Amino acid sequence: MRLFVSIDVPDAFAEEIAELQAAFAAADGLRFTDPEGIHVTLKFLGEVDEDRLSELETAIGTAVEESDVESFEAEFGGLGVFPSMEYISVVWFGVREGNGEMTRLHEAIERQTVELGFEPEDHEFTPHATLARMDHAGGKELVQRLVRERDPTVGRTTIEEVRLTESELGPDGSTYSTVERFSL
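(A) Quick peek at the overall build of the protein chain. Summing up its helical and strand segments, the protein chain has 4 helices and 9 strands in all. Each helix (α) and strand (β) of the protein chain, taken in turn from the N terminus, gives the series β-α-β-β-α-β-β-α-β-α-β-β-β. Oriented by its inertia axes, the alpha-carbon framework of the protein chain measures out at about 45 × 35 × 30 Å. A total of 184 residues make up the protein chain; the buried ones form 46% of that total. The contacts in the protein chain between residues at least 6 apart in sequence include a share of 77% that link residues at least 24 apart. Accessible surface for the protein chain amounts to roughly 9500 Å². Of this, 43% is attributable to carbon and sulfur atoms.

Set out below in structure tokens:
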């Protein structure tokens, strides 16, 4: 099972996300994320044997409890890229409000999963939701300009849970399904 721990961006924001993606439509080389599957990844776990699921769920439950994060308000907005404006592989929108809570959840989940033998993150955690992936640099200049000039607001919501999510890769992109939910 290909797994990650996430916070969902509500489907109610799909229209705003699609409009934001439309602004980038002329940028050659971008592959857009399905607006209804967008999420903030707290921890990517990769391929996990099903027989490890029980211990993983226990560890995530413990992490959510230890983080001491209760349901919180989050506002999604702003734009950014990874790894840099010169070499763009991912275009994303960020988290304007709720960063602290998401970071505390990430840190607690990171501690628990690393104890189970999962690889530690090799970069600083930046709460974000992927809008598009850049397959080649054909539209790089347009992407750079839009990221510098635009400061969109995607929406505001109450975050009440963290999900353990399975990602199945298919010809039309990834399909996500919830393995377990952890209430805040």
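(B) Highlighting helix α2 (residues 53-67). Across its 15 residues, α2 extends 21 Å between first and last C-alpha, which sits within 8% of the 21 Å expected from 1.5 Å per residue. The complete set of buried residues in α2 reads L53, L56, A59, I60, A63, V64 and S67. Seen end-on, α2 carries its buried residues on one side only, within an arc spanning 135°. Opposite its buried face, α2 presents the exposed residues S54, T58 and E65, each directed more than 90 degrees away. Against the buried residues of α2 lie β1 (2-8), β3 (39-47), α3 (99-115), β8 (161-170) and β9 (173-183). Immediately downstream of α2, the backbone of D68 shows phi near 60°, a positive value.

(C) Quick look at the pattern of salt bridges. Under the counting rule described, the total for this entry stands at 13 salt bridges. Measuring nitrogen to oxygen at the nearest pair gives 2.9 Å for the salt bridge that ties R31 to D135. In this pair, R31 sits in strand β2 (residues 30-32) while D135 sits in the loop between β6 (128-134) and α4 (140-149), placing the two residues 104 residues apart along the sequence. The residue K43 makes a salt bridge to E110 at a minimum N-O spacing of 2.8 Å. Of this pair, K43 sits in strand β3 while E110 sits in helix α3, and the two are 67 residues apart along the sequence. Taking relative accessible area as the criterion, K43 reaches 1% and is therefore assigned buried.

(D) Layout of the packing of α2 against α3. One way to put it is that α2 packs onto α3 with a least axis distance of 8 Å and a crossing angle of 140°. Relative to α3, α2 is oriented oblique. Handedness of the crossing formed by α2 with α3: right-handed. Contacts between α2 and α3 pair L56, A59, T62, A63, V64, E66 and S67 from the former with R104, L105, A108, I109, Q112 and T113 from the latter. When its residues are assigned to classes, the contact of α2 with α3 shows 7 nonpolar, 4 polar and 2 charged.

(E) Broad picture of the side chain of H128. With respect to the secondary-structure elements, H128 resides in strand β6. Side-chain polar atoms of H128 contact the backbone oxygen of T126, separated by 2.7 Å. Setting aside anything within four residues of it in sequence, one finds H128 in contact with H39, V40, T41, F82, W92, F93, G94 and V95.

(F) The arrangement of the environment of L142 in detail. Among the secondary structure elements, L142 is positioned in helix α4. Sequence separation of L142 and T126 is 16 residues, and the distance between their C-alpha atoms is 23 Å. When residues no more than four places from it in sequence are discounted, the contact partners of L142 are A26 and A27.

Each value, and the rule that gives it
Residues numbered from 1 in each chain as written. Predicted model: local features only at pLDDT ≥ 70, side-chain atom pairs only at ≥ 80, totals over all residues. Heavy atoms only, no water. Helix = DSSP H or I, 4+ residues; strand = E, 2+ residues; numbered from the N terminus. Buried < 20%, exposed > 50% of the residue type's maximum accessible area, 1.4 Å probe, protein only. Contact = heavy atoms within 4.5 Å. Areas by Shrake-Rupley, 256 points an atom, 1.4 Å probe, with all protein chains shown as cover. Expected span 1.5 Å × (residues − 1). Arc of directions from axis to C-beta. Salt bridge = Lys/Arg side-chain N within 4 Å of Asp/Glu carboxyl O. Axes fitted to C-alpha atoms, helices over the stretch in contact; angles between N-to-C directions. Parallel < 35°, antiparallel > 145°, perpendicular 65-115°, else oblique. Left-handed = near helix turned anticlockwise from the far one by under 90°. Nonpolar A, V, L, I, M, F, W, Y, C, P; charged D, E, K, R; others polar. Polar contact = N/O pair within 3.5 Å; in protein donor to acceptor, adjacent residues only side chain to side chain.

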